[in-house]
Protein chains: 4
Amino acid sequence: MNAPPFSHTIRVRYAETDGQGVVFNAHWLTYFDETCTRFVESWGFGNNFWISQFDVMLVKAVLEWSGPARFDDWINIDVEPTRIGTKSFEVRYRASVDGRPACDAVITYVAIKPGTNNSVELPDAVRDVLTDRLS
Amino acid sequence: MNAPPFSHTIRVRYAETDGQGVVFNAHWLTYFDETCTRFVESWGFGNNFWISQFDVMLVKAVLEWSGPARFDDWINIDVEPTRIGTKSFEVRYRASVDGRPACDAVITYVAIKPGTNNSVELPDAVRDVLTDRLS
Amino acid sequence: MNAPPFSHTIRVRYAETDGQGVVFNAHWLTYFDETCTRFVESWGFGNNFWISQFDVMLVKAVLEWSGPARFDDWINIDVEPTRIGTKSFEVRYRASVDGRPACDAVITYVAIKPGTNNSVELPDAVRDVLTDRLS
Amino acid sequence: MNAPPFSHTIRVRYAETDGQGVVFNAHWLTYFDETCTRFVESWGFGNNFWISQFDVMLVKAVLEWSGPARFDDWINIDVEPTRIGTKSFEVRYRASVDGRPACDAVITYVAIKPGTNNSVELPDAVRDVLTDRLS
């Protein structure tokens, strides 16, 4: 990996915890979505590139939980691409609370023409930043 | 009121309850939004009218809670318009669980040109159905 | 399979769609959670059994998307257990809209002592109903 | 006002925007809930006080929208108590994006004995901090 590792921090809202006192499972996908936004922002292309030339669609997500996150916890999420295909790529998210693993996910994204469901080849610029960050 | 009263029923999802074991406050606005969709559907204009000629924007909501709703509860929500203006109207929602009041809301909607933030006069057809249902 | 197949229907709320006009990815886990509640309810043990003797925790979820669901769509979700272990079991959810596949998921649940994170063996009664419904 | 003014900043998640491209109305209550948590944290009592001796329940919320917030917007929320009663108090939230007003709310909270729905008198310590921050 030539680029510095990327991580993002999220604080758990009360509204996101359920009757068991822990983050409800679906919110983890929202956390990873927010983290992906910040990860892509860190590439430095600006909003215009993203909106006009590149968008993505989720095609697969594999989540594994190993511990809870509770109200007001700070969740640290480490991010790295793990596979780069022609039209798709995979990103791994490792979420932990105070160093304890909480939830890991591997999400597969397909590049699409913005405003459509049509898959397209990854732009070279995107392929380059992903390659620089590959584990 | 010349039209029959309208009510809608919603079942509480586990994901919507919080650490106090009750529906988190914000979800009540979602419940009333779903109820509004079904209320408007009951007018019989079809989706095309709604999307092409009429849309609304919330400008005010007053919510008052008097009791909890819990996981798996059935919430009954009675709906009626309470004021009809030139460009806006108010709807009152009375939510109860097993006959016990839970949350009342009065929400003010402004008619807008679909796809914009520009307020417009209420279409006559909308004014008529609201008038028939006025309390 | 000796028991009749189980399916559940969910209508998409406006609040659950995003700027792409489709159900935001995280809400699918909420839909499957609601579906699991109804599936377990269909076993006929009553709430008391569930709360006092048996609870579950998600340990893994694999989601694959093949098509969108939009505002007001009816989502049909077919449910069946696909694996029964000593302390855990897997359930497959197949969600479709108007017969078109939208999202499939396999979710792994671990049985826990209610109010704790401690895994326990599946109660015999639960094992029996799952076995009757195994694909 | 003897204490410094309090404000909190929230960044809009993609998942919180709807088909109109703006924050869905219900999420504003979640934003104000998160803001309230940070406001109370700023009083310096620590989590233990809050959990063991003091909790609140919403009884009323009045929200007024004057402009949209969109994906990735930074929302600034100014907070101040506006009324202090025996068992309840009111807090006003003024949310803006880039200096443009977006949503104002006045929320009424009732003090309760933690773990119950029983209202209690505001603890003196809470009354004091609220009084110091009264507009």
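Everything quoted here is computed from the prediction, not taken from an experiment. (Residues numbered from 1 in each chain as written. Chains lettered and ligands numbered in written order. Predicted model: local features only at pLDDT ≥ 70, side-chain atom pairs only at ≥ 80, totals over all residues. Heavy atoms only, no water.)

Caption draft 1: Fine view of the pairing of strand 1 (residues 6–11) of chain B. All names here are of chain B. Where burial is concerned, the two faces of strand 1 differ: the one with Phe6, His8 and Ile10 is buried and the one with Ser7, Thr9 and Arg11 is not. Pairing of strand 1 with strand 3 (residues 74–84), which is carried by six bridges, proceeds in the antiparallel orientation. By the bridge assignment, phenylalanine 6 is partnered in strand 3 with valine 79. (Buried < 20%, exposed > 50% of the residue type's maximum accessible area, 1.4 Å probe, protein only. Helix = DSSP H or I, 4+ residues; strand = E, 2+ residues; numbered from the N terminus. Pairing = 2+ DSSP bridges.)

Caption draft 2: Expanded view of the interface of chain A and chain D. The partner chain D presents 15 residues to the 15 residues of chain A that form the contact. Linking chain A with chain D are eight salt bridges, by the criterion used here. Notably, a salt bridge pairs Asp72(A) with Arg38(D), separated by 3.1 Å at the nearest N-O pair. Of all the secondary structure elements, the ones that give two or more residues to the side of chain A that touches chain D are strand 1 (6–11) and helix 1 (26–41) of chain A. Considering each element in turn, the side of chain A that touches chain D owes the most residues, seven residues, to helix 1 of chain A. Taken together, the residues of the side of chain A that touches chain D break down into five nonpolar, two polar and eight charged. (Contact = heavy atoms within 4.5 Å. Salt bridge = Lys/Arg side-chain N within 4 Å of Asp/Glu carboxyl O. Nonpolar A, V, L, I, M, F, W, Y, C, P; charged D, E, K, R; others polar.)

Caption draft 3: Expanded view of the environment of Lys60(D). By secondary structure assignment, the location of Lys60(D) is in strand 2 (residues 55–65). Take Lys60(D): its relative accessible area is 30%, and that puts it in the partly exposed class. For the pair Lys60(D) and Gly21(D), spaced 39 residues apart in sequence, the C-alpha separation works out to 28 Å. Once residues lying within four places of it in the same chain are set aside, the contact partners of Lys60(D) are Val62(B), Leu63(B), Glu64(B), Trp65(B), Val106(D), Ile107(D) and Thr108(D).

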